Amino acid sequence: MYDMIFKRGRSNLKSKSKVLVRIILLFAIIPFLIIGCGKKAETSDTKKKVLILGFDGMDPIILRKMMDEGRMPNFKKLAEEGSFKELQTSNPPQSPVAWSNFITGMNPGGHGIFDFVHRDPKTLFPYLSTSRTEAGKKSITIGDWVIPLESGKVELLRHGKSFWEILQSKGVPCTVYMIPSNFPPVECEAKTLSGMGTPDMLGTYGTFSYYSNVEPEMENGEISGGKYYEVYVKRNTVKAKIYGPKNTFRKGAPDCTVDFTVYIDPENPVAKIVLPNKEIFLKEGEWSEWIRIDFELIPYLQSVSGICRFYLKEVHPDFKLYVTPININPEDPALPISTPPDFSKELFENVGYFYTQGMPEDTKALSSGIFDDGEFIKQITLVHEEEVRNYHYLLSQFKSGLLFYYFSSTDQNAHMFWRLHDKNHPAFNQESYDKYGDVLEKVYEEMDDILGYTLKRIDDNTTLIIMSDHGFAPFYYSFNINTWLLNNGYVALIDPSKQGEEELFANVDWSRTKAYVLGLNALYINLAGREANGIVSPGDEYNQLVDELVEKLKKVVDPKTGKKVFRNVYKRDDIYSGPYVKDAPDILLGFARGYRISWEASLGKFPKELITDNMEAWSGDHCMAPEEVPGIILSNKKIVKENPALYDIAPTLLAEFGFEKEKEMVGSNIF
Amino acid sequence: MITFVKLLNGLFDLIFAPFKNMAPVWGITVVSLITGVVMLIIFRYTSNQEGIKNTKEKIKGYLLEVRLFNHDLQQMLKSQKKILRTNLTYMRYSVTPMLVMIIPVIFILVQLDSRYAYRPLKEGEKTIVCLKLDDGILINNADIELELPKGLKLDAPPLRIERENEIDWRLRVEKSGNYKLTFIVNGKRYEKKLLAENILQRVGAEKEKVNFEHILLTPAETPFPSDSPIEEVRINYPEMNLTFWGVEIHWLIVFFVLSIISAFGLKDVFKVQV
């Protein structure tokens, strides 16, 4: 009996304590539920830190001059206390090539990137050199709907291991922000965000939209780099659509669209843009914040989102509205733009939306006259503000390992405003100069501020490297190299009377053509067995032709100035090494300062004039001989290597953390 | 109805008072837990507790049958049929308390929505204020003025949308605080609150002419009188982002999950058969 009572008592006690435990547990976990933010543990810890700031296109001549004038005090201080040297750029000195040298420690023969565009020798069709996108091939069609049975893929075409892959695999935590030539980002554990080469939601390098009741000036009914949509203002209302990616779930893959309405005041220069999930009130000349746009692919089941900003250019008398390219949404990316995949979301959550397209400065909008100089400056200021904001965040998170951060403004500004920086430029305009003459120098001063901010925040364990991929030079004259080949008998046209009219070699008689140019510095021989209609035999004929062209091109003189057009012309085997030399152009064109290939020739056209003045806003360039446009390198450590080059940086970074360079790397430690 | 809503506002203001200067998640956590307890009590007194207990015991018994006679397919099917039938009985017992509970839950949700759907504006932020006139008065013929208190600034010229009979203003918060916007329409004054103080409070994005649905669903402000020329005033407040365990989550999910956890966690304490 006692035993029974005892047992029952014990059972009651047990039950009561169970309830008590439940209550305690319930209330005990609440603060943890609320407060717990689940911070991730660091992957590895090392006291050594390396911080690299990449200022695209920062030029040693401009930098030195401004340092001497006292306008770059932080750069001057770093140069005096550490080192400042010119940095040998890549050949050709184009950003995708140069950054690939930097990333891999190899020359183009090793990483396989030779130009912004490569050509398929079988079709002679150009394609972007750094990445390839392919849609899934297998699908089933049911009515208007297409069900994919295979997913598409995006592929990085750059070969070779990146320095951050190597370092991260050895336990060094790396963060790499917007480095060019890394889309889609190479899979690894490092935190990386892809940069130049990252497309917009339309799969292009950036296509803006322009809505107006007045047609802008267009060539062949198109604006380069953008789309014009004619709209009507009815009862002070404009109805239009935002065009997104193709809907591959629908037959014929129509564009995804989102409707929007703009209400404008009858008199005041203001408008309200009404989107499905957002209302924006803008004054004339104002930019909106980033707006998320959801494009529906399958109703209620599948959608894809992008982000864009609106710029209300004019309300009265005409309606003019610019919309940025629809950028991949970092919060919910439709394509891979970061590693790990949620790194872009981490950035968004801490800094908000930002441009994710590779080249955010809308140079095309300026070139096509949609923006004037002031409007373009405002747009690049927005880009730069985002870059600085994101940099501040990542620098605050930088506790160990390596941080690379990329700034694009120095490059894009020099491209667009050299005409104001240099009074000798054919496109120099006094009125614009009076307003914005100092814009390029101001950008350099902003970079000095960034360096100043950085210097205050790094400790003695940090190696700081400031570098650029190339410098800059004026682009005074456009050289129609394909026209020169034609005039000198290396190209034959099917119908000479139509010279300059057709696109992309359409008028070329390949059975009588020995050489052609496609891209910004690339000359190809029409080689039998490689090109679809090749006529030059490999071996002696090929070698003789290459030698002949190199010699002749080196002697080309501009009759107007009496100057040589080329500083140097290179044979690929003389400058490249590695497994991909076979894919390289046969001859690399090293233009002299002031000269560059014309836009038309770079896309396989044959204008009648050989050399023309460059009157476009795109007035500075670097697609010349590498000797003309070296980059810069500064460090808080002494650089002992003579003539350091871009491909020396990767081995240097490995050495900083005590690792040997990879055997494929051609560079060496600069410290 | 207005009086009832005012009473509810007062009650919930009192409940939320300790949390108004804390992170928003604290208030909703406590209210959700209390709601769980209240629902538990309502359930206890509106349901057939004995019936529920018996039904659950029966289900347990049938489940035991399934386990014991798993070699006998016919017996197993019979037991499962009984489980299904008893489950229906169990659900029948739950209908009445559910119907009773739905009413307070609606009022709680409305109160939570008024606090957690939007957040007050911050210093430096801009917003759009839209005034829609009654169909009887045309926007172009009416004499309309917006009077702003100190601390708010008109940030752009007004925008008149004739086809919507609407006029919009863009305001900028110069200094944080709670303000009253005064709309003067044909000489008569009408007010709407604009909140820009960073505390947990009822944020009324819309204020309409008096109507039952508006009174019930938007308790943040007393509606405009029925003879008002104003149909509606709307302020574009930013949505509130509720972060829970480092994850952004909708307040409704937090409410349902926590109130269910609370109710199930405490059912033994309150001796409730659920």
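Reference entry: report on the structure contained in this document. Just so it is clear, the structure is predicted and the values come from calculations on it, not from any experiment.

### A closer look at the overall build of chain B
- Within chain B, the regular secondary structure consists of 6 helices and 11 strands.
- The C-alpha atoms of chain B give a radius of gyration of 26 Å, which is well past the 19 Å a tight globule of 274 residues would have.
- In terms of overall dimensions, chain B has a C-alpha envelope of 85 × 40 × 35 Å along the principal axes.
- Classification of the 274 residues of chain B by burial places 46% in the buried group.

### Focus on the environment of Asp342 of chain A
- Among the secondary structure elements, Asp342 of chain A is positioned in the loop between strand 23 (338-339) and helix 7 (343-351).
- On a C-alpha basis, the gap between Asp342 of chain A and Glu331 of chain A in space is 8.2 Å, while along the polypeptide they are 11 residues apart.

### Section: the pattern of salt bridges
- In the structure shown here, the tally under the stated rule is 55 salt bridges over all chains.
- Linking Lys552 of chain A and Glu548 of chain A is a salt bridge whose minimum nitrogen-to-oxygen distance equals 4.0 Å. Here Lys552 of chain A pairs with Glu548 of chain A, and both are found in helix 14 (residues 540-554), just 4 residues apart, close to one helical turn.
- The class of Glu548 of chain A is partly exposed, set by a relative accessible area of 36%.
- Of the charged contacts in the structure, one is a salt bridge between Arg119 of chain B and Glu125 of chain B, with a shortest N-O distance of 2.7 Å.
- Its relative accessible area of 18% is what places Arg119 of chain B among the buried residues.
- Salt bridges linked by common partners bring Arg119, Arg530, Glu531, Arg572, Asp573 and Asp586 of chain A together as one network.

### Notes on the pairing of strand 2 (residues 144-147) of chain B
Residue and element names in this part refer to chain B.
- With burial as the criterion, only one face of strand 2 is covered, namely that bearing Ile144 and Leu146; the residues Glu145 and Glu147 on the opposite face remain uncovered.
- The pairing of strand 2 with strand 6 (residues 177-185) spans 4 bridges and is classified as antiparallel. Note on strand 6: the bridge partner recorded for Glu147 is Thr182.

### As for the side chain of Lys192 of chain B
Residue and element names in this part refer to chain B.
- Structurally, Lys192 can be placed in strand 7 (residues 188-196).
- Within the structure, Lys192 has its side chain in polar contact with the backbone oxygen of Gly204 (distance 2.6 Å).
- Aside from chain neighbours lying at most four places away, what touches Lys192 is Tyr179, Lys180, Leu181, Phe183, Gly204, Ala205, Glu206, Lys207, Glu221, Val233 and Ile235.

### Considerations on the interface of chain B and chain A
- The interface is formed by 33 residues belonging to chain B together with 33 residues belonging to chain A.
- Together chain B and chain A conceal approximately 2700 Å² of surface at their shared face, both sides included; 64% is due to carbon and sulfur atoms.
- Ranking the residues of chain B by area buried against chain A places Arg160, Arg163 and Trp245 of chain B at the top, with a combined share of 24%.
- Scanning the region where chain B abuts chain A turns up 6 salt bridges.
- The residue Glu286 of chain A makes a salt bridge to Arg170 of chain B at a minimum N-O spacing of 2.8 Å.
- The interface formed by chain B and chain A includes 12 residue pairs in polar contact (both at pLDDT 80 or more).
- Counting only elements with at least two residues in the side of chain B that touches chain A, the list comes to helix 2 (24-46), strand 1 (126-133), strand 4 (159-161), strand 5 (166-173) and helix 6 (251-266) of chain B.
- Here the side of chain B that touches chain A gets 5 residues from one element, more than from any other, and that element is helix 6 of chain B.
- In terms of residue class, the side of chain B that touches chain A is made up of 17 nonpolar, 5 polar and 11 charged.

### Here's the deal with helix 3 (residues 49-68) of chain B
- Counted at 1.5 Å a residue, the expected span for helix 3 of chain B with its 20 residues is 28 Å, and the 28 Å between its end C-alpha atoms agrees.
- Of the surrounding secondary structure, the elements contacted by the buried residues of helix 3 of chain B are helix 2 and helix 4 (73-116) of chain B.

### A look at the sheet that holds strand 12 (residues 226-230) of chain A
Residue and element names in this part refer to chain A.
- Pairing is mixed in the open sheet, where 5 strands are placed in the order 12-11-21-20-17. Two strands close off the open sheet at either side, each with one partner strand: strand 12 and strand 17 (286-287).
- Here strand 11 (residues 208-212) runs beside strand 21 (residues 320-323); their pairing, made up of 4 bridges, is antiparallel. Across the sheet, Tyr211 pairs through a bridge with Leu321, a residue of strand 21.

### A word on a nonpolar patch on the surface
- There is a patch of nonpolar side chains on the surface, built from Ile140, Ile142, Ile147 and Leu149 of chain A and spanning about 370 Å² of accessible area.
- With respect to the element layout, Leu149 of chain A can be found in the loop between strand 7 (145-148) and strand 8 (153-156).

### A few points about the sheet that holds strand 18 (residues 291-298) of chain A
Residues and elements named next belong to chain A.
- Across the sheet, which stays open at both edges, the 3 strands sit in the order 18-19-22 with antiparallel pairing between neighbours. Strand pairing shows two members of the sheet lacking a second neighbour, strand 18 and strand 22 (327-328), which therefore form its edges.
- When strand 19 (residues 302-308) meets strand 22, the two strands line up antiparallel, connected through 2 bridges. Pairing of Gly306 across the sheet is with Ile328, part of strand 22.

### Digging into empty space enclosed by the protein
All names here are of chain A.
- This model, assessed by the stated rule, comprises 5 cavities of 30 Å³ or more.
- Of the volumes computed, that of the largest cavity is approximately 90 Å³.
- Looking at the largest cavity, the residues that line it are Tyr177, Met178, Tyr355, Gly358, Pro360, Val383, Glu386, Glu387, Asn390, Tyr406 and Ser408.
- Listed by contribution, the elements that provide at least two residues to the lining of the largest cavity are strand 9 (174-179) and helix 9 (373-397).
- The residue inventory of the lining of the largest cavity, partitioned by class, reads 6 nonpolar, 3 polar and 2 charged.

### Observations concerning the packing of helix 9 of chain A against helix 10 (residues 409-421) of chain A
Residue and element names in this part refer to chain A.
- Two elements in contact, helix 9 and helix 10, have axes separated by 11 Å at closest approach and are oriented at 160 degrees. Classified by the angle between their axes, helix 9 and helix 10 sit roughly antiparallel to one another. Considering the relative orientation of helix 9 and helix 10, their crossing is left-handed. Residues Asp373, Phe376, Ile377, Ile380, His384 and Glu387 of helix 9 lie in contact with helix 10, whose contacting residues are Ser409, Asn413, Met416, Phe417, Arg419 and Leu420.

Thresholds, definitions, all that
Residues numbered from 1 in each chain as written. Chains lettered and ligands numbered in written order. Predicted model: local features only at pLDDT ≥ 70, side-chain atom pairs only at ≥ 80, totals over all residues. Heavy atoms only, no water. Helix = DSSP H or I, 4+ residues; strand = E, 2+ residues; numbered from the N terminus. Rg over C-alpha atoms; globule rule 2.2 N^0.38 Å. Buried < 20%, exposed > 50% of the residue type's maximum accessible area, 1.4 Å probe, protein only. Salt bridge = Lys/Arg side-chain N within 4 Å of Asp/Glu carboxyl O. Pairing = 2+ DSSP bridges. Polar contact = N/O pair within 3.5 Å; in protein donor to acceptor, adjacent residues only side chain to side chain. Contact = heavy atoms within 4.5 Å. Buried area = accessible area lost by both parts, 1.4 Å probe. Nonpolar A, V, L, I, M, F, W, Y, C, P; charged D, E, K, R; others polar. Expected span 1.5 Å × (residues − 1). Patch = residues over 30% accessible without salt bridge, like charges linked within 9 Å, V, L, I, M, F, W, Y side chains within 5 Å. Areas by Shrake-Rupley, 256 points an atom, 1.4 Å probe, with all protein chains shown as cover. 1 Å grid on protein atoms, 1.4 Å probe; cavity = no way out; pocket = protein on both sides within 12 Å on 5 of 7 lines; lining within 4 Å. Points joined across faces, edges and corners; volume = space filled by probe spheres on them. Axes fitted to C-alpha atoms, helices over the stretch in contact; angles between N-to-C directions. Parallel < 35°, antiparallel > 145°, perpendicular 65-115°, else oblique. Left-handed = near helix turned anticlockwise from the far one by under 90°.

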